[in-house]
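Listed below are the residues making up each chain.
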Amino acid sequence: MVTSRSVPIPQLEQEADQAAQQALSSDEPLVVNRMGTDVHIQRSASDDGLASPSRIRKIVSEEIEKRVPEAVDKRLEQRSENLEEMFSGSDELDEATLEEFGVDIDELEGGDTSWFERLRDGATNERTAVTAGVGATLAALTTVASAGVPLAAGAAVAASGSFASSMLGKGAADAALGEDGNLTQAELATIVETVKRELQESDGTGELSEEVDY
Amino acid sequence: MDAEIKKETNNGFGVTVFDNNGVKHKVGVLYNGEISGHLQSGYPDDPSKRSQEEHEWVNQTRRFAKFYVYRQQGYETVDPLSNPDRIATAAMAIANLPPDTFEAHFGEFYQQLRHDAGEAAPVVEVPDLPPTTVPRVEQDIYLGLEETDTAAILERLIDDGTLEAVVNAAMEESEDGGLVNRIRQTVADQEIDMTDTAAAVSEGVIEAVGPVTIRWANGADDEEVAQSVARTLPDRDPQARPQMFGRAYQFDDLEDLRQSLVRHLCCQVRDCYITMGIAPPEDVRIQGPGFYDHLGWYSNHDFYQNYHDPEASITDWQEQHTPDDAYDFSGLVESA
């Protein structure tokens, strides 16, 4: 998805704000330059919310959503209907409007995905898959999604980053992973003395199944 | 441990695992986590003829095979309450919850722990138990993220610049310092305050908590008594279950609990990896009580070191048994 000539996100934000202002202050058709092409947005009489700030915001969201991890390629395809619903409710954009806006699905889907691979590799190499956690959180969030709740993959990636940064920045992780100052060592030792749990019995082996017949 | 997926059928995978004792296993892991078959020639097939150590090598093998399929292929094969990613997510969410939400979720858990220490009225009446019994206080945590919450979170991440910072950090050519450090640096440079974002994400991720529950060991089994709650809980397994002893902690307030709870869950994450026979990620190479069962495993046997004991001297995190792909999670982002 992320194309080799990805648009800086601040620019998108600026466009959104300008577009929103223009929409509110002018009766003229709205013009947005997107992907190098002027896109004219006609306000319709029946729907004067077409270019409202929240709507523009939605478009930016959609754009960024697609740019983040094409990321997560197949997942996006699978959930494309969900995404459309998510960002195009009754008073929001439909697919045709998105196209009119110059959101070129084909172009977005092609191109260089290597940064995402780098993200993944970076997270994997980090070897700190827990609280430092882009890795584990990304993993966890995406699998929360696959457990039945559709989840915007872009949000998952970003959220995991924000999680990690916040944890580290706030020092919550350091506090949690330093000493447990609230734990009473003597009491814990007494408790552990009474815990008689044996190592678990294991199951029998030797049973053949199709999966292990190789 | 060393694993390789050798075969896929209509129902699951055939995984070859070399355990930490050098024994080769063929394990059939079905998509739902069930073990369909298990061949090995290092130990008696009849479990009653196995030693404690042999039991644990077999168990480690199955745990690691399930984890490997989960991480490499994205199937829900890890036992409920034993998925280190989910437990870590719960810990991170708890660390970032706004104080009032934290109290709403865990205020009664806190009260029960204080009761356990003789300092508060109980949420759940603990029955009279033999003096050698140690009741523990538990509460299930359900993770989830609604579609609408996801959209709202995305908006927020755009608004405060987080998304841009993360994407830029990820796209940097530099390999220096690792991804997380780059994200941190970018965020710091741009003076983005993540506090609100993290709180919002945390609130979204914790979908529900179960009733405060007291459990205690009766022989090899557990007995329990639970708080009755009016709320409806998700119809699925919870992802995390703290198990704490009130009298082992001295809390002045809820924030003290929060710190110990996050740490306790991180100790559970550590236990997940240790009992798969591999090293925990560096951030959770920490000591303290995690899973209740594992207290006994660690303290009663030489098979494992005393990871539960904050004062023990740990010399082995099992790094030498940890394969290069132990932390790879490519299956989670590539598969459905």
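For the structure itself, consult the block above.
The structure reproduced in this document is the subject of the present report. (Residues numbered from 1 in each chain as written. Chains lettered and ligands numbered in written order. Predicted model: local features only at pLDDT ≥ 70, side-chain atom pairs only at ≥ 80, totals over all residues. Heavy atoms only, no water.)

## Structural notes on the overall build of chain B
Here is step 1 of the chain: Per the secondary structure count, chain B includes ten helices and ten strands.
Here is step 2 of the chain: Out of the 336 residues belonging to chain B, those deemed buried represent 61%.
Here is step 3 of the chain: Within chain B, counting contacts between residues at least 6 apart in sequence, those at least 24 apart form 61% of the total.
Here is step 4 of the chain: Split by element, the accessible area of chain B, about 13100 Å² in all, is 41% carbon and sulfur. (Helix = DSSP H or I, 4+ residues; strand = E, 2+ residues; numbered from the N terminus. Buried < 20%, exposed > 50% of the residue type's maximum accessible area, 1.4 Å probe, protein only. Contact = heavy atoms within 4.5 Å. Areas by Shrake-Rupley, 256 points an atom, 1.4 Å probe, with all protein chains shown as cover.)

## Side note on the packing of helix α2 (residues 84-96) of chain B against helix α8 (residues 254-274) of chain B
Residue and element names in this part refer to chain B.
Here is step 1 of the chain: Packing of α2 against α8 brings their axes to within 9 Å, and their N-to-C directions diverge by 170°. Comparing the axis directions of α2 and α8 gives the class roughly antiparallel. Handedness of the crossing formed by α2 with α8: left-handed. Facing α2, whose interface residues are P84, D85, I87, A88, A90, A91, I94, A95 and N96, α8 presents R258, L261, V262, L265, C266, Q268, V269, C272 and Y273.
Here is step 2 of the chain: For the contact of α2 with α8, the class distribution of residues is 14 nonpolar, two polar and two charged. (Axes fitted to C-alpha atoms, helices over the stretch in contact; angles between N-to-C directions. Parallel < 35°, antiparallel > 145°, perpendicular 65-115°, else oblique. Left-handed = near helix turned anticlockwise from the far one by under 90°. Nonpolar A, V, L, I, M, F, W, Y, C, P; charged D, E, K, R; others polar.)

## Observations concerning the side chain of H38 of chain B
Here is step 1 of the chain: Along the chain, the position of H38 of chain B falls in strand β4 (residues 35-40).
Here is step 2 of the chain: Once residues lying within four places of it in the same chain are set aside, the contact partners of H38 of chain B are T205, G206 and E207 of chain A together with H25, K26, V27, V58, T61 and R62 of chain B.

## Re the packing of aromatic side chains
Aromatic ring pairs: the centre-centre distance and the angle between the two ring planes describe each pair.
Here is step 1 of the chain: With the rule as written, the count across this model stands at 17 aromatic pairs over all chains.
Here is step 2 of the chain: Where F67 of chain B meets Y70 of chain B, the ring centres are 6.1 Å apart and the plane angle is 50°; that geometry is what we call tilted. Here Y70 of chain B and F67 of chain B lie together in helix α1 (residues 52-73), a separation of three residues that amounts to about one turn. Like F67 of chain B, the residue Y70 of chain B is buried in the burial classification.
Here is step 3 of the chain: Aromatic pair F245 of chain B and Y292 of chain B: ring centres 6.1 Å apart, planes at 55°, arrangement tilted. Placement of F245 of chain B in the loop between β10 (243-244) and α8 and of Y292 of chain B in helix α9 (residues 292-300) is noted, with a sequence separation of 47 residues between them.
Here is step 4 of the chain: The buried category is assigned to Y292 of chain B, whose relative accessible area is 4%.
Here is step 5 of the chain: Of note, K26 of chain B hangs over the ring of Y214 of chain A, and the distance from its end group to the ring centre comes to 4.5 Å. (Phe/Tyr/Trp six-rings, centres within 6.5 Å; stacked < 30°, edge-to-face > 60°. Lys NZ or Arg CZ within 6 Å of the ring centre and 35° of its normal.)

## A few points about the nonpolar core
All names here are of chain B.
Here is step 1 of the chain: One finds F64, I94, F106, F109, I141, L257 and L261 to be the most contacted residues of the largest nonpolar core, which totals 71 residues.
Here is step 2 of the chain: With ten residues, α8 is the largest single contributor of residues to this core.
Here is step 3 of the chain: Both domains that meet at this core, namely domain 1 (2-79) and domain 2 (84-140 + 210-321), each give it at least three residues.
Here is step 4 of the chain: With residues near it in sequence (within four places) discarded, I141 still touches A90, I94, F106, I206, A208, V209, P238, Q239, A240 and P242.
Here is step 5 of the chain: Within the second largest apolar cluster, nine residues are counted, among which are I274, A312, I314 and W317. (Core = buried A, V, L, I, M, F, W, Y, C linked by side-chain atoms within 4.5 Å. Domains from an automatic or database assignment.)

## Here we look at the sheet that holds strand β8 (residues 213-218) of chain B
Residues and elements named next belong to chain B.
Here is step 1 of the chain: The strand order β9-β8-β5-β10 describes an open sheet built from four strands, whose pairing is antiparallel. Pairing within the sheet leaves two strands with one partner each, and these edge strands are β9 (221-226) and β10.
Here is step 2 of the chain: Most of the contacts of helix α3 (residues 99-116) go to strand β5 (residues 136-138), to which it runs at about 175°, and overall it touches β5, β8 and β10. (Pairing = 2+ DSSP bridges.)

## Quick look at the side chain of R197 of chain A
Here is step 1 of the chain: As for its position among the elements, R197 of chain A is in the segment after α11 (185-194).
Here is step 2 of the chain: Given a relative accessible area of 11%, R197 of chain A falls into the buried group.
Here is step 3 of the chain: Not counting residues up to four positions away in its chain, the partners in contact with R197 of chain A are R136, A217, G219, A220, D221, D222, Y292, D293, G296, W297 and N300 of chain B.

## Re the packing of α3 of chain B against α8 of chain B
Residue and element names in this part refer to chain B.
Here is step 1 of the chain: Contact pair α3 / α8: the axes reach a minimum separation of 10 Å and the direction vectors enclose 85°. Overall, the two elements α3 and α8 adopt an arrangement that is roughly perpendicular. Of α8, the residues touching α3 (which contributes P99, F102, E103, F106, G107, F109, Y110 and L113) are L254, E255, L257, R258 and L261.

## Re the pattern of salt bridges
Should their charged atoms come close, side chains of opposite charge can pair.
Here is step 1 of the chain: Per the counting criterion, the structure on display carries 20 salt bridges over all chains.
Here is step 2 of the chain: A single salt-bridge network, built from bridges that share partners, covers R197 of chain A together with R136, E138, R215, D222, E224 and D293 of chain B. (Salt bridge = Lys/Arg side-chain N within 4 Å of Asp/Glu carboxyl O.)

## Section: the state of the cysteines
Here is step 1 of the chain: Taken as a whole, this structure holds zero disulfides over all chains when the rule is applied.
Here is step 2 of the chain: Here C267 of chain B stays unpaired: no disulfide links it, and the sulfur of C266 of chain B, its closest cysteine neighbor, is 7.3 Å away. (Disulfide = S-S within 2.5 Å.)

## So, the sheet that holds β4 of chain B
Residues and elements named next belong to chain B.
Here is step 1 of the chain: Pairing within the open sheet is antiparallel, and its four strands lie in the order β1-β2-β3-β4. The two strands at the open ends of the sheet, each matched to only one other strand, are β1 (2-8) and β4. Shown here is a sheet whose adjacent strand axes are inclined to one another by a mean of 20°, direction ignored.

## So, the pairing of β4 of chain B
Remark: a regular strand shows side chains that alternate across the two faces of the sheet.
Residues and elements named next belong to chain B.
Here is step 1 of the chain: For β4, the tally of buried residues reaches five of six residues, placing the bulk of the element in the interior.
Here is step 2 of the chain: In this structure, strand β3 (residues 24-30) lies alongside β4, joined through five bridges in antiparallel fashion. By the bridge assignment, V27 is partnered in β4 with H38.
Here is step 3 of the chain: In sequence, β3 turns back onto β4 through a hairpin of four residues, with G33 there showing a positive phi of about 95°.

## Remarks on the environment of A312 of chain B
Residues and elements named next belong to chain B.
Here is step 1 of the chain: Relative to the helices and strands, A312 is located in the loop between α9 and α10 (330-334).
Here is step 2 of the chain: Of the residues examined, A312 reaches a relative accessible area of 18% and is grouped as buried.
Here is step 3 of the chain: Apart from the residues lying within four places of it in its own chain, the contact partners of A312 are Q287 and N306.

## A few points about α1 of chain B
All names here are of chain B.
Here is step 1 of the chain: In this model α1 runs 31 Å from its N-terminal to its C-terminal C-alpha over 22 residues, within 8% of the 32 Å that 1.5 Å per residue would give.
Here is step 2 of the chain: Most of α1 sits out of view: 19 of its 22 residues are buried.
Here is step 3 of the chain: Looking one or two residues past α1, G74 carries a phi angle of roughly 80°, positive in sign. (Expected span 1.5 Å × (residues − 1).)

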